[in-house]
Every structure is written in structure tokens, then in C-alpha cells.
Amino acid sequence: MTLAAAHPGFLSPTGVEIVFVLVGIATLAAAVVTVTTSKLVHAALWLVAALGGIAVEYLLLTAEFIAWVQVLIYVGSVVVLLLFGLMLTKAPIVPTVPRGHPSYGALRAEAREAADSGNRWPALAVALAAAATLVTVVVDAFRSSWIDVDRSVQGSAGVTGEVLFQHWVLPFEALSVLLLAALVGAIILSRKGGADAGEPAQGTEPGQGAGQGEQPGPTAGREEQG
Amino acid sequence: MHLAYPAVLAVLLFCVGIYGVLARRNAILVLISVELMLNAVNLNLVAFDVWLRDTLHTGQALTLFIIAVAAAEIGIGLAIVLLVHRNRGTADIDRLRDLREPEGPDDEPEAPAEQGHSAGRQTA
């Protein structure tokens, strides 16, 4: 950042700012497509673009370790979990027809009806009102605040690890216990054991005992990534 | 870098997430929107941490914790959605309305006819 004056202006953006704004626009567009597309798998894939854009923003903010954690956890495992969830719940996948096909409009409307609920316009009004209010407040509050991204790296792996294991050890360990509990809970919730949960599912033997079937079921191993 | 850029981007991402949570019908799409909102908060935390030059790096530590909690949340949430789909045959949030308030004095809270199969099953 060129510190000719104490207050760098809006009219002389630095390279980092330009890249940040461009990546931000791409991220925002990907997020909008994520919440508006009527194809469910496309929504998960556009989420990858949005999360990757946020990882690039972390890199631009010199938080390198968080950027790579973001790529590993979100893009790597959360999106895979979401795709598995979409496939396991038999999400309504509308057959794609070319644009000139006579049933194109009907199929599109059906897909939109399956993905979006009826309160789309109130939701849009709420989101726009919240965006207008928050953008006004945030821009007014931080009009004269600048981040110095040139002086030193704030979030390299060394800095983050030092801080995390010197000052935040107890929350870190508590978080590992929480992750273990979530893992066990996800396995228990999603396995096809028991007399009542296995009945509407397909291909489960009824004589498996009262809720204590021993094999964890085919869906249990998938949850371990979470 | 001006602080307003990451702050405004986080606000806009959060509002996109709000729209998704309110407007989507499929439960997994709602979870995707929740992920967007969590990421907006993370971006805010990292930006303010870098701005304040905190020696404890509270923002980045909290961001890492939020990422871990979000991973746990998505695991549990998807397991619940799978269970609901297995029991009800649908993952649409609009149709899971057993716990709603009755609208009138003679309106029964359960409406088994519109639930398709496995009506009245409450073991979720």
C-alpha cells in the first residue's frame, strides 16, 4: 500500500484491493447462483466456487493457514458430504432438455417449484432490507479504517499454531471432544439399526434385535469425514 | 486495504445466505445456505483480526473453531436429513409440519393424508 499520506483514498486502489474486489464479485455471484439455481447438484458445485473465492480472500488478507484449512475442510469434505446427502435423499433431478424443446418451460418451472418454497418474494424482501441496513451501517462505521496488509503476515501457519497451542489449548481440546461427539452422533443417527428405523428402508432384515444391530450400516462410514 | 471491502462482502454473503435459508425448500439446500452465512462470519472475523493486529489472534482462532463446529454441524444435519428422508420419504421442509400450531380450534395438528406414506411416525 502506498502510504504517501496517512489516509489512502478510494480513488487510488492498490493491486491487492483490486484483486480483492474482483474475487469478491465472483464469490458473490457464485453465492447468488448457489441459492437461486433450481438444479440441486449445481447448487453444491457453485458452493465450491463461493467457498474457494472466500479462501482466496483469506489469502489476500494474509491469513494463509485459514485459507488452506478452508480449502481442506469446506471444499474437500463438506461439499462432498453435501453431495452424498443430495444423492442419498434422492433429490429430484430434473431431466435436462435443450432450450428449444417444447417441455422446456414446464420442466424448468417444476424444478424451481421443487427447489424453492412459496415464500420466495418475502425472503427476497427480507434479504434486501437486511443488506441495505447492514451495508449502510458498516460503510458508515468503517469509512476511515484501513488494513495494513503489507507490514507482516498475520496468519501464517507458524503464527497460528503458536497462538493456538499457547493460548487456546483448552478450547481446542474441548472442540476435539465436540467433534468426537458429533461423529458418534452422526453414526448413530444414520445407521439402519433397530426395529423401527429399518422398516421403511430397503433391504434390512427385520430380525435385527431391538435397536442394537451390530453392523453400523452402509451410511455410517461416510459420516466420518464430518 | 480498506476495511469496508471485506466487511461489505461479508454482509452481502450473509444476506445471500439469509435469502437461501428463507426461500429454499429442500433441507440440504438450506444447509448450504447456512454454510454461506457461516463463511460470511468467518470472513468478518479474519478481516477484523488482521485489522486489529491482535497478539492473541482471537479472530483467527475463533474462525478455526467455527470451521470445526460447522463441519460437526453439517455431519449431524445431514444425518438428521437422511433420517427424516428415510422416515418420511421427503426432505422438503415445507411438508414437515407436525409440530405446527393448529390454525383453528377444530384443526387437528396432524394431517396424515398429505404426508404420503408412514404417516404419524414421530421417531425422528
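Residues numbered from 1 in each chain as written. Chains lettered and ligands numbered in written order. Predicted model: local features only at pLDDT ≥ 70, side-chain atom pairs only at ≥ 80, totals over all residues. Heavy atoms only, no water.

Chain B carries the name NADH-quinone oxidoreductase subunit K in an unreviewed UniProt entry, which gives Streptomyces gossypii as its organism. In its Catalytic activity (unreviewed entry) section, the UniProt record describing chain B reads: "a quinone + NADH + 5 H(+)(in) = a quinol + NAD(+) + 4 H(+)(out)". For the record of chain B, the UniProt heading Sequence similarities (unreviewed entry) holds the text "Belongs to the complex I subunit 4L family." (UniProt positions renumbered as here; feature names shortened; annotations may be inferred.)

If you check an unreviewed UniProt entry, chain A appears there as NADH-quinone oxidoreductase subunit J from Streptomyces gossypii. Taken directly from UniProt, the Catalytic activity (unreviewed entry) text for chain A runs: "a quinone + NADH + 5 H(+)(in) = a quinol + NAD(+) + 4 H(+)(out)".

On to the pattern of salt bridges, then. Residues and elements named next belong to chain B. Applying the stated criterion across every chain yields a total of four salt bridges over all chains. Its salt-bridge partner being Arg88, residue Asp98 comes within 2.5 Å of it at the nearest N-O pair. Taken as a pair, Asp98 in the segment after helix 3 (58-88) and Arg88 in helix 3 lie far apart in primary sequence, 10 residues in all. Exposure class is identical for Asp98 and Arg88. Each is buried. In this structure, Arg95 and Asp92 form a salt bridge, with 3.9 Å as the shortest nitrogen-oxygen distance. The class for Arg95 is partly exposed, based on a relative accessible area of 41%. For Asp92, a relative accessible area of 15% gives the class buried. (Salt bridge = Lys/Arg side-chain N within 4 Å of Asp/Glu carboxyl O. Helix = DSSP H or I, 4+ residues; strand = E, 2+ residues; numbered from the N terminus. Buried < 20%, exposed > 50% of the residue type's maximum accessible area, 1.4 Å probe, protein only.)

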